[in-house]
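What follows is the residue order along each chain.
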Amino acid sequence: MTSTTAIRHVRIGKGTIRVGVRPGDGTRTPLLMCCGIGASFEVLQPLVDALNPGIEVILFDVPGVGDSPVRTMPSGFPRLAFLVSKILDELGHGQVDVLVFSWGGALAQQFAAQHRNRCRRLVLISTGTGALMVPAIHTSWKRWRPLDASATPPTPPSLQASCTAADPERRQMTSCA
């Protein structure tokens, strides 16, 4: 962490959440940042350092990650969105912009839906469209079952044209050599 990011534990109900705040100039909407699953907020520090120093940045560790203790019961996304709202209450912020990566996108989408008046802007980077965060499966792959562990899936129809290309390097790049 840089010396300008103040780290503290915020009490919410019976638990605590580790929060980092890099102060801004007070004239802009604060930016709340959420990490991917299992990552403490230190992974975001290079991006925080690159942001305009006038923007207040709020970082936090979800329960069980980094220095936020594990809770007795797992927290679903509605509960985590509630915790984010309580963090903002403790910091005295009514509204924030939200920038998230990976798994943090599911939490941010829940927060934006559950607390519409608190999320001014939502930026999703490299994330999924929902809480399950399961990537789509091409329909032609649904019927494929490998007979052994060394088997490879068939080439999706969208790549078949690349596989018939005369250029051997192009065939290798598309895994159909």
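Refer to the structure above for everything that follows.
Because the structure is a prediction, the values reported are computed rather than measured.

Caption draft 1: Summary view of the pattern of salt bridges. In this structure the tally under the stated criterion is 6 salt bridges. Across the salt bridge formed by Asp97 and Arg120, the nearest N and O atoms sit 2.8 Å from each other. One end of the pair, Asp97, is in strand 5 (residues 96-101); the other, Arg120, is in strand 6 (residues 119-125), with 23 residues separating them in the sequence. Of the residues examined, Asp97 reaches a relative accessible area of 11% and is grouped as buried. In this structure, a network of salt bridges that share partners links the residues Arg18, Glu42 and Asp61.

Caption draft 2: Structural view of the packing of aromatic side chains. According to the stated counting rule, one finds 1 aromatic pair in the structure shown. Seen from their ring centres, Phe77 and Trp103 are 5.3 Å apart, and the 40 degrees between their planes marks the pair as tilted. In this pair, Phe77 is assigned in helix 2 (residues 77-91) and Trp103 in the loop between strand 5 and helix 3 (104-114), connecting sequence segments 26 residues apart. Of the two residues, Phe77 and Trp103, neither departs from the other in class, the shared state being buried. In this arrangement the basic side chain of Arg18 is found over the ring face of Phe41, its NZ or CZ atom lying 4.1 Å from the centre.

Caption draft 3: Just the sheet that holds strand 6, in detail. In space, the 6 strands of this open sheet follow the order 1-2-4-3-5-6, with mixed pairing throughout. Either end of the sheet is taken by a strand with one partner, and the two such strands are strand 1 (6-12) and strand 6. Here the average twist between neighbouring strands, direction ignored, is 25 degrees. Across 4 bridges, strand 2 (residues 15-22) lies against strand 4 (residues 57-60) in antiparallel orientation. Note on strand 4: the bridge partner recorded for Val21 is Ile58.

The rules we used
Residues numbered from 1 in each chain as written. Predicted model: local features only at pLDDT ≥ 70, side-chain atom pairs only at ≥ 80, totals over all residues. Heavy atoms only, no water. Salt bridge = Lys/Arg side-chain N within 4 Å of Asp/Glu carboxyl O. Helix = DSSP H or I, 4+ residues; strand = E, 2+ residues; numbered from the N terminus. Buried < 20%, exposed > 50% of the residue type's maximum accessible area, 1.4 Å probe, protein only. Phe/Tyr/Trp six-rings, centres within 6.5 Å; stacked < 30°, edge-to-face > 60°. Lys NZ or Arg CZ within 6 Å of the ring centre and 35° of its normal. Pairing = 2+ DSSP bridges. Axes fitted to C-alpha atoms, helices over the stretch in contact; angles between N-to-C directions.

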